[in-house]
Amino acid sequence: MGVNVREVNGNNMAKKPSFKGVKWIVIGAAAIFVAVNSFTIVPAGNTGVVLTLGEVSANPLSEGFHVKAPFVQSVENMSNKIQVYETPASAVSKDLQTVSSSIAVNYRLVSDKSPDMYKNVGVDYQTILITPVVQECMKSATAKYNAEQLITDRESVSNEVKTALDSKLNSYGIYIEKFNIVNFDFSAEFNTAIEAKQVAEQNLLKTKTEQEQAKVIANTEAEKKVIAAKADAEAILKQAQAQADANKLLEESLSNKVIAYEQIQKWDGVMPKVTGKDGGLLIDVNIDDKAAPSGQND
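About the criteria used
- Residues numbered from 1 in each chain as written.
- Predicted model: local features only at pLDDT ≥ 70, side-chain atom pairs only at ≥ 80, totals over all residues.
- Heavy atoms only, no water.
- Helix = DSSP H or I, 4+ residues; strand = E, 2+ residues; numbered from the N terminus.
- Polar contact = N/O pair within 3.5 Å; in protein donor to acceptor, adjacent residues only side chain to side chain.
- Pairing = 2+ DSSP bridges.
- Expected span 1.5 Å × (residues − 1).
- Buried < 20%, exposed > 50% of the residue type's maximum accessible area, 1.4 Å probe, protein only.
- Contact = heavy atoms within 4.5 Å.

In this fold, Thr47 is placed in strand 2 (residues 46-52). Side-chain polar atoms of Thr47 contact the side chain of Asn80, separated by 2.4 Å.

In structure tokens:
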């Protein structure tokens, strides 16, 4: 059986890829690659720092879609959202007590300062810049208060630390939104001493309260006695006044005729030995009259 050589060679040539087709594929892939690297999208809450062959551009990109030079420019996103930095801090109070605290810092990076921050500090500015400044300001503020004041005036301490942080970080474009001292912790000895002092103060307050209550009760009782004494005095005075008024009325109602009448009513028939000049009985003198025995003459 014969083989057609021309037919076999034709089939082999049809299977080989066309050079022209490969070229267009390469060109298409290159075009897509270039197109992809010709734009960038800056996420919301971020600023795009433009790098042109490694050089930082002073004009950052805002949120959204932007065109850039492919392979020559790159964009580094810097967050401008409020970020939270939490860390422990150790310091010494004014009365030389060791203070361990937990703090939380809410901060944000201003978009206009993003290129400078990237150029001078980098993207890890929290570790490089914020951490040491926070520790320094916390130590400085804590040293101005004694241990008890740190507990009772925590808000004042927080405000002072926040003000110090702003003064040191604002020039870098970092603004402190809020500074919180989550917790203060002291040595076991100091905590025991504070507890003992609080107990003593509570006992003293209790004693003072009891004393005040006793004074109030005593004053109340004294006032009651004064009121009662005044009432008794007024009653006696009124009674005496009433008696005086009665005596006066009685005196005014008596007359010689009334007195004589009373004497006559009470007279027992024995003549008085002494009488007043007005004929009334002045003194009832009891003189025993011994009559001489009948029939005897001196």
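Past the structure itself, the notes keep going.
Our next topic: the sheet that holds strand 3 (residues 55-56). Judged by pairing direction, the sheet is antiparallel, and its three strands sit side by side in the order 3-2-5 without closing on themselves. Of all strands in the sheet, those bounded by a partner on one side alone are strand 3 and strand 5 (73-79). As paired strands, strand 2 and strand 5 are joined by seven bridges and run antiparallel to one another. In the strand pairing of strand 5, Gly48 is matched with Asn77.

The next thing to look at is helix 6 (residues 154-169). Given a rise of 1.5 Å per residue, 16 residues ought to cover 22 Å, and the 22 Å separating the end C-alpha atoms of helix 6 matches this to within 8%. Along helix 6, the residues that are buried comprise Val157, Ser158, Val161, Leu165, Asp166 and Leu169. Along its buried surface, helix 6 packs onto helix 4 (125-142), helix 5 (147-152) and strand 8 (174-185).

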